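# Structural overview
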Amino acid sequence: MAKRSSLIARTISTLIILILLLIAIAVVTKLVGSRPFERTVVEMFIRVMLVAGLYIFVGNSGVISFGHIGFMCLGAYAAAWFTIPPAMKGVSLPGLPSFLAHAQLHFLVSAALAGLLAAIFALIVGRIMMRLSGIAASIATFAMLAVINTVYSNWDSVTGGTGSIVGIPFNTGIWTALGGAILVVIIAYLYQISRSGLALRAGRDEATAAAASGIDIVRERLIAFVISAFTIGVAGALYAHFLGVVNPDAFYLGVTFITLSMLVVGGMNSLSGAVLGVIVISTIIQLLRWLEKGIDLGGTTIAIPNGLQEIAIGLVMIVILMFRPSGLTRNRELVWRYWPFGKGSVNGVAVSKTIENVR
Amino acid sequence: MSRVKTLALAAAFGTLIAQTAWADDIVVGFATAESGFMQAYDKPAQDAAMIRIDEINKAGGLLGKQIKVVTADTKTDRAEGAKAGLEVLDKGAELVIVSCDYDFGSPAALAAEAAGKVSFFLCAESIKAGIPGVGPHSFSASVLAAVQGATMAEWAYNKRNARNFYRLLDTWTVYNKGICDGFDWQLPHLKDAKLVGSDTFKNEDASIASQISRIKALPQEPDAIMLCTMMPGAVSAVKQIRAAGIKAPIINGSGMDGSYWLSAVPDLSNFYVPVQGSIYGDDPNPAVNAFNKKYKEVTGGDPSSQYVYPGYVLIDVWAKAVERAKTTDADAVVAELEKMKGEQTLFGPRTFTNEIHHQNTGRYLIVETDKGKPHVIDQWTISEPIPVADLLKQ
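We now turn to the structure provided with this report. Source: prediction; values computed, not measured. (Residues numbered from 1 in each chain as written. Chains lettered and ligands numbered in written order. Predicted model: local features only at pLDDT ≥ 70, side-chain atom pairs only at ≥ 80, totals over all residues. Heavy atoms only, no water.)

### Details of the overall build of chain A
Scanning chain A from N- to C-terminus turns up 16 helices and four strands. Taking 21 Å as the expected radius of gyration for a compact globule of 359 residues, we find that chain A reaches 21 Å, a close match to that expectation. Along the longest, intermediate and shortest principal axes, the C-alpha atoms of chain A span 60 × 60 × 35 Å. Counting the 359 residues in chain A, one finds 56% classified as buried. A total of about 14500 Å² of accessible surface is found on chain A, and carbon and sulfur atoms cover 69% of it. (Helix = DSSP H or I, 4+ residues; strand = E, 2+ residues; numbered from the N terminus. Rg over C-alpha atoms; globule rule 2.2 N^0.38 Å. Buried < 20%, exposed > 50% of the residue type's maximum accessible area, 1.4 Å probe, protein only. Areas by Shrake-Rupley, 256 points an atom, 1.4 Å probe, with all protein chains shown as cover.)

### A look at the overall build of chain B
A count of helices and strands for chain B gives twelve helices and twelve strands. The globule rule puts the C-alpha radius of gyration for 394 residues at 21 Å, and the 22 Å found for chain B is close to it. Overall size of chain B, expressed as C-alpha extent along the three principal axes, is 70 × 50 × 40 Å. Counting all 394 residues of chain B, 61% fall into the buried class. Within chain B, contacts between residues separated by at least 24 positions form 68% of all contacts whose residues are at least 6 apart in sequence. Only carbon and sulfur atoms are counted for the fraction: they give 54% of the accessible area of chain B, which is about 14600 Å². Side-chain charges of chain B comprise 39 positive and 46 negative groups, with the mean position of each set lying 2 Å from the other. (Contact = heavy atoms within 4.5 Å. Lys, Arg positive; Asp, Glu negative; His and termini not counted. Charge placed at Lys NZ, Arg CZ, Asp CG, Glu CD.)

### Considering the interface of chain A and chain B
Taken together, the contact pairs 39 residues of chain A with 37 residues of chain B. Across the chain A/chain B interface, buried area totals approximately 3200 Å², and carbon plus sulfur atoms make up 62% of it. Of all residues in chain A, Val32(A), Arg35(A) and Pro36(A) give up the largest surface area on contact with chain B, accounting jointly for 15% of the area buried on that side. Between chain A and chain B we count five salt bridges in total. Among the ionic pairs, Lys177(B) bridges to Asp156(A), the shortest N-O distance being 3.3 Å. Scanning the region where chain A abuts chain B turns up twelve residue pairs in polar contact (both at pLDDT 80 or more). Among the secondary structure elements, those contributing two or more residues to the side of chain A that touches chain B are helix H1 (2–32), helix H2 (35–61), helix H4 (86–92), helix H12 (217–243), helix H14 (271–293) and helix H15 (308–323) of chain A. Classifying every residue of the side of chain A that touches chain B by side-chain character gives 18 nonpolar, twelve polar and nine charged. (Buried area = accessible area lost by both parts, 1.4 Å probe. Salt bridge = Lys/Arg side-chain N within 4 Å of Asp/Glu carboxyl O. Polar contact = N/O pair within 3.5 Å; in protein donor to acceptor, adjacent residues only side chain to side chain. Nonpolar A, V, L, I, M, F, W, Y, C, P; charged D, E, K, R; others polar.)

### With respect to the packing of aromatic side chains
For the structure shown, the criterion picks out 24 aromatic pairs over all chains. Relative to Tyr152(A), the ring of Trp81(A) lies with its centre 6.3 Å away and its plane at 20°, an arrangement referred to as stacked. Of this pair, Trp81(A) sits in helix H3 (residues 68–83) while Tyr152(A) sits in helix H7 (residues 134–154); the two residues are 71 residues apart in sequence, bridging distant segments of the chain. Note on accessibility: Trp81(A) and Tyr152(A) belong to one class, buried. Between Phe291(B) and Phe347(B) the ring centres are 5.6 Å apart and the planes differ by 80°, which places this aromatic pair in the edge-to-face class. (Phe/Tyr/Trp six-rings, centres within 6.5 Å; stacked < 30°, edge-to-face > 60°.)

### Structural notes on unusual backbone geometry
Of all residues except glycine, most have a negative phi; of all peptide bonds, most are trans. Residues and elements named next belong to chain B. Cis geometry is adopted by the peptide bond preceding Pro-232, which originates at Met-231 and carries an omega value of 0°. Note that Pro-232 resides in the loop between strand E8 (224–228) and helix H8 (233–243). Even without being glycine, Asn-161 reaches a positive phi, approximately 55°. The residue Asn-161 is located in the loop between helix H5 (145–159) and strand E6 (164–170) in this model.

### Quick notes on the nonpolar core
Counting 114 residues, the largest nonpolar core has Leu22(A), Phe45(A), Phe71(A), Trp81(A), Phe225(A), Val246(A) and Phe251(A) as its most contacted members. It is H2(A) that contributes the most residues to this core, 16 residues altogether. Non-local contacts of Phe71(A), meaning those with residues more than four positions away in its chain, are made with Ala118(A), Phe121(A), Ala122(A), Met144(A), Phe225(A), Ala229(A), Ile232(A) and Gly233(A). Of all hydrophobic cores here, the second largest spans 71 residues; its members include Ile26(B), Ile97(B), Phe165(B) and Leu187(B). (Core = buried A, V, L, I, M, F, W, Y, C linked by side-chain atoms within 4.5 Å.)

### Considering the pairing of strand E1 (residues 26–32) of chain B
All names here are of chain B. Most of E1 is tucked away, with seven of its seven residues classed as buried. Residues Ile-26, Val-28, Phe-30 and Thr-32 line one face of E1 and the alternating positions Val-27, Gly-29 and Ala-31 line the opposite face, and both faces are buried. Where E1 lies against strand E2 (residues 67–73), seven bridges are found, and the strand directions are parallel. Its bridge partner lying in E2, Val-28 is registered against Val-69. What joins E1 to E2 is helix H2 (residues 39–58), and the crossover it makes is right-handed. Alignment of E1 against strand E3 (residues 95–98), held across four bridges, turns out to be parallel. (Pairing = 2+ DSSP bridges. Right-handed = clockwise from strand over helix to strand, strands pointing away.)

### Focus: the sheet that holds strand E4 (residues 118–121) of chain B
Residues and elements named next belong to chain B. Here five strands make up an open sheet; going across it, the order is E2-E1-E3-E4-E5 and the pairing parallel. The sheet is open, and its two edges are formed by E2 and strand E5 (138–140), each paired on a single side. Adjacent strand axes in the sheet meet at a mean angle of 25° when their direction is disregarded. One ladder, built from four bridges, connects E3 with E4; its direction is parallel. Note on E4: the bridge partner recorded for Val-96 is Ser-119. Across the sheet, helix H4 (residues 102–114) touches E1, E3, E4 and E5, and the angle it forms with E4 is around 170°. The strands that helix H11 (residues 330–338) touches are E4 and E5; relative to E4, the one it contacts most, it runs at about 50°. (Axes fitted to C-alpha atoms, helices over the stretch in contact; angles between N-to-C directions.)

### Focus on the state of the cysteines
Residues and elements named next belong to chain B. Overall, the coordinates contain two disulfides over all chains when judged by the stated rule. Here Cys-100 engages in a disulfide with Cys-123; their sulfurs sit 1.5 Å apart. An S-S torsion of about 80° defines the bridge between Cys-100 and Cys-123 as right-handed. With a gap of 23 residues between them, Cys-100 in the loop between E3 and H4 and Cys-123 in the loop between E4 and E5 connect regions that are remote in the sequence. (Disulfide = S-S within 2.5 Å.)

### Looking at the sheet that holds strand E9 (residues 250–252) of chain B
Residue and element names in this part refer to chain B. Spatial strand order, E7-E6-E8-E9-E10-E11-E12: seven strands in an open sheet with mixed pairing. Sheet topology places strand E7 (194–201) and strand E12 (373–381) at the edges, where each strand pairs with a single neighbour. Sheet twist, expressed as the average angle between the axes of neighbouring strands with direction ignored, equals 25°. Judged from the five bridges that link them, strand E10 (residues 271–275) and strand E11 (residues 363–370) form a sheet pairing that is antiparallel. The residue bridging Tyr-272 from the neighbouring strand is Glu-368, located in E11. Each of E6, E8, E9, E10, E11 and E12 is contacted by H5, which is oriented at about 95° to E12, the strand it contacts most.

### Section: a nonpolar patch on the surface
A surface patch of nonpolar side chains, amounting to about 580 Å² of accessible area, comprises Leu105(A), Val109(A), Leu113(A), Leu116(A), Ile120(A), Leu123(A) and Ile124(A). The exposure class assigned to Ile120(A) is partly exposed, which follows from its relative accessible area of 48%. (Patch = residues over 30% accessible without salt bridge, like charges linked within 9 Å, V, L, I, M, F, W, Y side chains within 5 Å.)

Here you go:
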């Protein structure tokens, strides 16, 4: 126990820094930002939830998952089922079971249930998929995404098919999204320093040695899979309440790749990497969008052609990965140099390294 | 942090400039796709809308004020769409014009609705694009997809003596399903007409050989094939049907209008498309042909399909409503729009009621493609409008 508490003492500065960073962004936005900019920041917070959620599984297990946006889809549709006024559901989603058709829950309750649904689904499919490792596991997660997308695109009476479902109340403002992002960052932090998290990281770095030490990698992976599914399900619910419209296409390859890119650019094996990846990429995207609209400099407007932003962001990511192959954070955690509790962090040692020392 | 702060300041400053600039004008905001695949649909209709705005401004403006246009790019992205909606609203838009498609236009339309402003879909053809899917201030300038299916069924029944229909649905989009829903609604109203078979495929299917063999297995070739599909998969479907030797008339939705794809199916014949106006220079209304010429002058190219026209219609009807209401106040304008009963426009009449802000009936020109050459042969209006209750069920 003594060692556990010292691990928290040594690493908690990371958590505090990340939370303060998120709060600072929200406060500054609220003070000076326009309404469209505020929405950009809300979107960014939801992406923090997604990427940090993704990190819980990908970062700790080392298995790249292409399927987690499927959980977002489950969460978003669950939020729609729970919160759309029953009169509207009767018309647009006639196939809903009656307990759902008549339900209209508070959005926080619905978000929690949405996360739970995603977690239960993850538990069921994860029991099978987590036996795979490496590229086979990645392909299996991708198949899961495709299956979820196909089912939600065609189950017309329950999901509205390829059409959009409308009538989801707008509840996700900047503070809700900030709360969601902080919640997921805390969950991710607690998981990575938990017994299961440490075991899984050990299994990621040295599978054979970990197994020989009595670690059941499949079990630990499943735990991480379920927890990350929960957080991404909640993120999906908040996204549904942010946009007010859900559609199966919104939860497919586009979001999958942008969130994975954010994670990789930030640094796949650290929570700070997950959060910073989102902030950095979102900032660059926003800068490029402003450039597309044109920036007025003393009478001359400088603008890049529309659509260049997508290309430019790809180039930026390539450049970042050329010079920082293990991500902007080099897979280390942000630490406060003068943190008084625990000497492990004084030299900015990565948490994984610290953990290995503990191990 | 300083980076975010600078950006935020820049954004706030930009908004400030935009707000003060247009104090004495009426502002119309386009929250449409300037990039991404929706641009192909939004841009032409937006160009047509700009032509009407230009005409109004040259004729002295609206309520004595000039119409100013502000735009924001949705990037064919739903979350960006909502932002684009807010952006044009922050620039003072009294009317928010959103993407052609319901799925991509609704986030911006919902933002306008929340701000109590009128929103218009450029050319969405789903019943949701309006009151059911956005709210009481939202409209669409086009005609429902269901009307296209119903029109073609009734026209083929009356003018081509079709009795045995075959229905082939591409389940990719709500638009496709809408055409077939209208067809399904119409068919029981036609005495002796029957459905001899129906099948589905997916837009991305490379081959529809199995569907075609089921058509070929029928005891006799159907009198008409209702094909509910859209680009890009439609071309391959039509090509395969004809290559298999099926010569039956193919009746379609308006999504098949345009001659840009005809070279892929050489000498296509017996192929019918309903359109609101003809892009082929043979519209019975000379004003439409004059518009086409003007469109070419402004944009440098002919209209690529009839989906150009709703953009013109929407500015036309909205401006009329504003003139009649003598204000741009949303509720007053909506009240005037809902008084329109068969309001004549260049591209057919428009009716809005407090139940439906879309067209559940409408005059369609029928374009026949004969030996690869499309031309107008007829026009048709369905004998009764499709009831709103039936539309909502779909």
